[in-house]
Amino acid sequence: KEKKEKKEKKEKKDKDDKEGKSSSSSKRLIQLETQSAIRYQVERAPEHLRRPVGESDERVPFKPDDWQRKLLDVADSGNSALIVAPTASGKTFIAYYVMEMCLRANNTDVVVYVAPTGALVNQVHHEIQARFTKTYQGDMHLTGVFNTSYREDHVKCQILVTRPECLEIMLLDPANVEWAKNIRHIIFDEVHSVAMQGGEVWERMLLYVSAPILALSATLGDMDKFRGWLEVVEKKRGRDLFFINYQERHNDLCPYIWSDRETFEEQLTGMHPCWAIFTKLTPDTRFEFPSDFKLLPEHCVHLHDAIAKQDQSEMVKGLAPEAYFQRIPDPTFNISMRDARRWEMEIKKCFCALSYEVQKKVLEDVISDSNAACSHIEQRLDSMSERNYLNTNMLPMLRTLDKANMLPCIVFHMTRDGCVQFALGICNQLRKAEEIEQEKDGHASKIEKQQKKLDLLQRQLEKMGWSKDQAGKDGEEPSDEQKELLQDIMMAQAKLDKLTSVDPRFALIPPGQGQLHPSEIEEMVSTGGRKKFFTPTNPLHQALLRGVAAHHGGLPTNYLRAVERLFRMKRLSVVISTETLAMGINMPTKTSVFAGDSNFLNAMNYRQMAGRAGRRGFDLRGQIVFMGIRRDKIKRLQNSELPTLSGNLLLTSTVGVRLLIKHSSIRTQHESDVMAQAKKYEDFIDRIEDQVKTLLEAYREDKSITPEEARSVELSRLDHKERASHILSGKDKGGVRRGALDHINSRDLAYSLIEMSEKPKNERYDVLTSIVDDRNTKMKAVRDAVVDELTFATAALKKLGEIAAQSEAETPAIQAERERAAKLREEDATACERLVNTPLFQPGGGPLMSA
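Conventions we followed
- Residues numbered from 1 in each chain as written.
- Predicted model: local features only at pLDDT ≥ 70, side-chain atom pairs only at ≥ 80, totals over all residues.
- Heavy atoms only, no water.
- Pairing = 2+ DSSP bridges.
- Helix = DSSP H or I, 4+ residues; strand = E, 2+ residues; numbered from the N terminus.
- Contact = heavy atoms within 4.5 Å.
- Axes fitted to C-alpha atoms, helices over the stretch in contact; angles between N-to-C directions.
- Salt bridge = Lys/Arg side-chain N within 4 Å of Asp/Glu carboxyl O.
- Buried < 20%, exposed > 50% of the residue type's maximum accessible area, 1.4 Å probe, protein only.
- Phe/Tyr/Trp six-rings, centres within 6.5 Å; stacked < 30°, edge-to-face > 60°.
- Lys NZ or Arg CZ within 6 Å of the ring centre and 35° of its normal.
- 1 Å grid on protein atoms, 1.4 Å probe; cavity = no way out; pocket = protein on both sides within 12 Å on 5 of 7 lines; lining within 4 Å.
- Points joined across faces, edges and corners; volume = space filled by probe spheres on them.
- Nonpolar A, V, L, I, M, F, W, Y, C, P; charged D, E, K, R; others polar.
- Patch = residues over 30% accessible without salt bridge, like charges linked within 9 Å, V, L, I, M, F, W, Y side chains within 5 Å.
- Areas by Shrake-Rupley, 256 points an atom, 1.4 Å probe, with all protein chains shown as cover.
- Lys, Arg positive; Asp, Glu negative; His and termini not counted.
- Charge placed at Lys NZ, Arg CZ, Asp CG, Glu CD.
- Parallel < 35°, antiparallel > 145°, perpendicular 65-115°, else oblique.
- Left-handed = near helix turned anticlockwise from the far one by under 90°.
- Core = buried A, V, L, I, M, F, W, Y, C linked by side-chain atoms within 4.5 Å.

A.B. asks: Account for the sheet that holds strand β7 (residues 213–217), with residues named and values stated.
C.D. replies: Here we have eight strands laid out as an open sheet, ordered β4-β3-β5-β2-β6-β7-β1-β8, and mixed in their pairing. Whereas interior strands pair on both sides, the edge strands pair on one side only; in this sheet they are β4 (151–152) and β8 (241–245). Against the sheet, helix α3 (residues 66–77) makes contact with β1 (80–84), β6 (183–188) and β8, and its axis sits at roughly 165 degrees relative to β8, the strand it touches most.

Below is the structure:
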């Protein structure tokens, strides 16, 4: 009877669903019939407009666009390039192309990848390891990393991933002169960091390096002036700089404003870009759109419709989508994004040609929805604090995005404690709702009942005499009846795990994904160590099970790596982050949410954060959502230009000394051998000096002798050979019969004893014996040690003479080595000259240098 009732309910539900789908389908068909196919494309489905498709190129496994092929040609020619292109446009591919080219060429060439943050360094390092494989003979590695916190194989690798300050340490280290010669390309990712804090290191490296550079950026201000400066630098290196400026995103970004109003349509309000520029409209000056101002196709439709209400001229009618796109072949479903861009430019020209009064009426028409949403938000912010507003509405906002199919998302909030608080707050609200629902549903009794069933099955298995441990030892196989019972136990355990796990209805699960379990998290982020990552008592770890995470620089490194990996694997729906995920790191998302205002939310950070949205290959469009931010700040972010570049103080005393030390350390191999042997000889002298000092102090104390400083200076002025003669004769230079040993300092005596090597061996022994009391066993041991050290020092001095004589020989090998060292000195001097004479800003704070 129960099965029959369930079957009837299922049939009724299927019938209702079928009728609902049929009615909704007919409704959509009616909507299509009331508008043209052209208008439907640009107004209702603009994300499906045809994208440009490149041509095949054997150098890469995809079809590159024209600008990407030009970039490949630049890399192949060995020249440098400055690439300015939006996030997710495909500019980073060139970095991996030059890496592969280097790996295929030989085992010695090096490619250096410079990133602005430690998080990006770690991610790029792991990505390179996953992308490439190569086998080496000897102590050589594919990749190396040099971060501010650790280093690994940084001078024994072909691909080095590092930060600019770490690269500076390596390039100014005299020991790495030969390593630096093998650098074939240097990739400066996020090169606009030259205008940020610490930009002086970026500027020094751009000037000092000698290898071709590939400078990448999505948000470079003053790009023409920066390009001019970089061209000057490259000309001094004897190369050309190619400038590639590509401003079209593969996926457009659509802005929204979220407000806590009642209906779904009111909560998520599409923001027309013209709303942000309304204040720039004045009756005195002709209005012009900013150069980087962009209207999406649906915005163009709304703007044109508003213009058409005020102006019925033929020009306006000709810009209607139904009329404008008739000029392209088969426009029914063939409109491309480039066609829409050209239409956008015509709409802008039409608007700028209108009178001030008409322009004002048009904008008032298209911005009314955004004004209403912001008015509601400001009323709420006036009645409560921003933190309370965000705490209360974070989960409803995410539910709205989920309903609108706009997850996964990164919620950007600029305070660390706020990120953690919001993440835990979302989970607490979900857990409380889950507990209320489970209480209504009698969930606890279901768990208890299932646990009793599992215990009963396990007892039955024990009565049958089956034990997994015993079976493993004896190799005994279970009987058919035992196998059936084991299968029932597994099914009962799986059902119990499902009952005790997080209810998917009260979690934010990415589309197409199942519920995340602790075992899956452990398997995905395990590092192979004994210590497990997932900790059930950690609330942030528990939040991962509900698809929510926090991310900022103060959280544990293992947790941050887990969050980044889970998000890239599409197992998390929401990450609440500070600016740590804004700069370059590969964390693409469908939506970027800006929650709350902050002084750190400026034009640069806004563009970097917004650029995370719109995953190429996953999404057709990215979304930007503003939450809990007043209208003035939103307008400033939308209208603000990128910060201009400013010069940096490049040369400090520390940098100057390091440059001098490096330059003076460039030598031939024979010169290095002479220096190394001289160092060994001086080490022997140092040890002898310490021991002789002990003997002289004991001798003078025993004889109550006070050395005269004037006599010590006189003896120091003599050469080592003449001083040795005075010691052996027992007279000083003045002829007074007082031994030279009474006044000589310990180092002069050490050198003099070395000079006595040409004399019979017992003479050195006699000199030392003359200042040692035969009754003092300790001093006699020191004397014997000095004699042994003198033997070693004499041999070291003899070898030093032999090496020095070899280095002065005029053989072809030595001459070639001298030429090599001279070339390295010249290159280093040229690099220092660029560093001193070609700063980004002229001395005295002058304007940017031009080409």
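Once the structure has been displayed, the description carries forward.
A.B. asks: With reference to specific residues and values, describe the pattern of salt bridges.
C.D. replies: Taken as a whole, this structure holds 46 salt bridges when the rule is applied. Where R630 meets D382, a salt bridge forms, and the shortest distance between an N and an O atom there is 3.0 Å. Taken together, the residues R630 in the loop between β15 (622–627) and α26 (631–639) and D382 in helix α16 (residues 368–383) connect sequence positions 248 residues apart. Overall, the relative accessible area of 36% leaves R630 in the partly exposed class. Assessed through its relative accessible area of 60%, D382 is described here as exposed. The shortest N-O distance in the salt bridge between D441 and K446 comes to 3.0 Å. Shared partners join several salt bridges into a network, and the residues in it are R39, E43, D305 and E322.

A.B. asks: Tell me about the packing of aromatic side chains, and please be specific about residues and values.
C.D. replies: For any two aromatic rings, the description comes down to two numbers: the centre-to-centre distance and the angle of the planes. Taken as a whole and judged by the stated rule, the model has 15 aromatic pairs. Taking the centre distance of 5.0 Å and the plane angle of 80 degrees together, the rings of F287 and F289 count as edge-to-face. Look at F287 and you get buried, because its relative accessible area is 6%. When the ring of Y324 is compared with that of F325, the centres are 5.2 Å apart and the planes differ by 85 degrees; the resulting orientation is edge-to-face. Accessibility assignment for this pair places Y324 and F325 in one class, buried. In this structure an aromatic cluster arises from ring pairing among F287, F289, F293 and F351. The ring of Y96 carries the charged tip of R131 above its face, separated from the ring centre by 3.9 Å. Positioned above the aromatic ring of F289 is the side chain of K348, whose terminal nitrogen or guanidinium carbon lies 5.8 Å from the ring centre.

A.B. asks: Provide a residue-level description of empty space enclosed by the protein, including the pertinent values.
C.D. replies: For the structure shown, the criterion picks out two cavities of 30 Å³ or more. By volume, the largest cavity amounts to about 110 Å³. Surrounding the largest cavity, R51, P52, D65, S89, Y246, E248, R249, H250, M337, R338, R341 and R616 form its lining. Each residue belonging to the lining of the second largest cavity can be placed in one class, and the counts come to five nonpolar, three polar and two charged.

A.B. asks: So what's going on with a negative patch on the surface? Residues and values would help.
C.D. replies: Together, D480, E481, E484 and D488 line one region of the surface with negative charge. Tracing the backbone through its elements, the reader meets E481 in helix α21 (residues 480–500).

A.B. asks: Please provide a residue-by-residue account of the packing of helix α11 (residues 297–310) against helix α14 (residues 337–352), values included.
C.D. replies: Between α11 and α14, the least distance of the axes is 10 Å, while the angle of their chain directions is 30 degrees. One way to sum up the angle between α11 and α14 is to call them roughly parallel. Two packed elements cross with a definite hand, and for α11 against α14 that hand is left-handed. Residue-level inspection shows P297, C300, V301, L303, H304 and I307 of α11 in contact with α14, the latter providing A340, W343, E344, I347, C350 and F351. Tallied by class, residues from the contact of α11 with α14 come to ten nonpolar, one polar and one charged.

A.B. asks: A description of the nonpolar core should follow, citing residues and the corresponding values.
C.D. replies: The biggest cluster of nonpolar side chains holds 147 residues, and the ones touching the most others in it are M394, L398, L401, V411, Y559 and F594. It is helix α4 (residues 93–105) that contributes the most residues to this core, nine residues altogether. Those residues in contact with Y559, other than ones at most four positions away along the chain, are F533, L540, H541, L544, A549 and A550. Membership of the second largest hydrophobic core comes to 43 residues, among which are C166, L206, L220 and L230.

A.B. asks: For the pairing of strand β11 (residues 409–412), give the residues involved together with the corresponding values.
C.D. replies: Residue alternation in β11 divides its side chains into two sets, C409 and V411 and I410 and F412, and both sets are buried. Sheet analysis places β11 next to strand β13 (residues 574–577), joined by four bridges and oriented parallel. Across the sheet, residue F412 finds its bridge partner in β13, namely S577. Of the strand pairs in this sheet, β11 and strand β14 (residues 591–595) are connected by four bridges, and their pairing is parallel. Each residue of the ladder has a partner; that of I410, found in β14, is S592.

A.B. asks: Go over the packing of helix α8 (residues 199–208) against helix α34 (residues 812–837), please, and point to the residues and values.
C.D. replies: At a minimum axis separation of 8 Å, α8 and α34 run at an interaxial angle of 135 degrees. Here α8 lies oblique to α34, going by the angle between them. α8 and α34 meet at a crossing whose hand is right-handed. Contacts from R204, L207 and Y208 of α8 reach α34 at D828, A831, C832, R834 and L835. Broken down by class, the residue content of the contact of α8 with α34 amounts to five nonpolar, no polar and three charged.

A.B. asks: Talk me through the sheet that holds strand β12 (residues 548–551); I want residue IDs and the actual numbers.
C.D. replies: Ordered by their spatial adjacency, seven strands build an open sheet running β10-β9-β15-β14-β11-β13-β12, and the pairing between neighbours is mixed. The sheet is open, and its two edges are formed by β10 (268–270) and β12, each paired on a single side. The mean angle between the axes of side-by-side strands here comes to 25 degrees, regardless of whether they run parallel or antiparallel. Here six bridges tie strand β9 (residues 253–258) to β15, and the two strands are oriented parallel to one another. Its bridge partner being in β15, L253 is matched across the sheet by G622. Against the sheet, helix α18 (residues 416–441) makes contact with β12 and β13, and its axis sits at roughly 170 degrees relative to β12, the strand it touches most.

A.B. asks: Break down the environment of D402 for me, citing the residues and quoting the values.
C.D. replies: Residue placement: D402 occurs in helix α17 (residues 386–403). The spatial distance from the C-alpha of D402 to the C-alpha of I447 is 30 Å, given a sequence separation of 45 residues.

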